[in-house]
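Survey of secondary and tertiary structure
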2 protein chains.
Amino acid sequence: MIRVEHIGIAVKDLKKVNDLYSRLFNQSPYKEERVASEAVNTSFFQIGETKIEFLESDQPDSAISKYVDKNRSGIHHIAFEVADIQLEIDRLKGEGFVIIYNPAKLGADNKLITFLHPKSTNGVLIELCQELK
Amino acid sequence: MIRVEHIGIAVKDLKKVNDLYSRLFNQSPYKEERVASEAVNTSFFQIGETKIEFLESDQPDSAISKYVDKNRSGIHHIAFEVADIQLEIDRLKGEGFVIIYNPAKLGADNKLITFLHPKSTNGVLIELCQELK
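Heads up: these notes are all about the structure in this document. (Residues numbered from 1 in each chain as written. Chains lettered and ligands numbered in written order. Predicted model: local features only at pLDDT ≥ 70, side-chain atom pairs only at ≥ 80, totals over all residues. Heavy atoms only, no water.)

Let's talk about the interface of chain A and chain B
Quick reminder of the rule: Here, two residues are considered to be in contact whenever any of their heavy atoms come within 4.5 Å of each other. Accessible area that two parts lose when put together, evaluated with a 1.4 Å probe and summed over both, is termed the buried area. For this document, the term salt bridge refers to a Lys or Arg side-chain nitrogen within 4 Å of an Asp or Glu carboxyl oxygen. Put simply, DSSP H or I for four residues or longer makes a helix, DSSP E for two residues or longer makes a strand, and each gets a number counted from the N terminus. The residue classification treats Ala, Val, Leu, Ile, Met, Phe, Trp, Tyr, Cys and Pro as nonpolar and Asp, Glu, Lys and Arg as charged. All others, Gly included, are polar.
Of the residues lining the interface, 37 residues belong to chain A; the matching set on chain B comes to 37 residues. Between chain A and chain B, a total of about 3,200 Å² is buried, with carbon and sulfur atoms accounting for 64% of that surface. When the area that chain A buries against chain B is broken down by residue, the three leading residues are Leu24, Ile75 and Asn122 of chain A, summing to 20%. Summed over the shared surface of chain A and chain B, the result is 2 salt bridges. At the level of secondary structure, the elements contributing two or more residues to the side of chain A that touches chain B comprise β1 (3-11), α1 (14-25), β4 (50-57), β5 (74-81) and α3 (85-94) of chain A. If you tally residues by element for the side of chain A that touches chain B, the top one is α1 of chain A, at 7 residues. Of the residues contributing to the side of chain A that touches chain B, the split by class is 21 nonpolar, 9 polar and 7 charged.

Focus on the pairing of strand β3 (residues 40-47) of chain A
Residue and element names in this part refer to chain A. Cut-off, in case you're wondering: Partly exposed describes any residue whose relative accessible area lies between the buried limit of under 20% and the exposed limit of over 50%, with all areas from a 1.4 Å probe on protein chains only and scaled to the type maximum. We call two strands paired when DSSP finds no fewer than two bridges between them.
Within β3, 7 of the 8 residues are buried, which leaves the element mostly enclosed by the surrounding structure. Both strand β2 (residues 31-35) and β3 contribute to a ladder of 5 bridges, which runs antiparallel. By the bridge assignment for β3, Glu32 is matched with Ser43. Counting the residues in the hairpin turn of β2 and β3 gives 4 residues, including Ala39, whose phi is positive at 55 degrees.

Structure, rendered in structure tokens:
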């Protein structure tokens, strides 16, 4: 695994959080984007080689809404960049991890992505992503 | 802020988690350490410029034990490296964030550390750290 590509944080009110974290990080989000396929609004800050991604959902039955309802706001997942996602999926499946998308699916930002189910990772939702050239 | 220095993950059983994440990351923890002052056992993996730090407590009334009891295992905090921690503490205090240690205190690994209280950061426990030369 190459780096922590991003840390995903689920929030209730993206506008409020953008203002708060602009002051915390002393910089504005470099991008705000609606991802219609996941029913989320997102904003991104860059710290070193890692993005901090805030996720707000406006659909009450989405994964992010359910998470926020259950846990309030909080760190939702960690995404690791890998060089070859299918190779990692095959290796991790062989190690007994539960792979959510196999084969990997096309995500935002021209990336192939998958997730490891928290029940197989001691409670942490882990994303793997590979940048497409 | 320079980089995500580490991501802290609270766990119930460090031995089990070390085995699981050695297979997940395809590498062994580069360090295991008991931090007596915090009543925790820790292990560290390095991914890019970020450490993944697992924390297990053997004291039922410690902050980590309380967290695990309440939330089960999960991502406990994010630590950002800063160039001058006292400058950041003063700036963030002026912005209304609640600083847990002011002045910063000496933590593990020859670092000065402090935390921002989650009630002021929309629910995320944030650590700031500065490496001492």
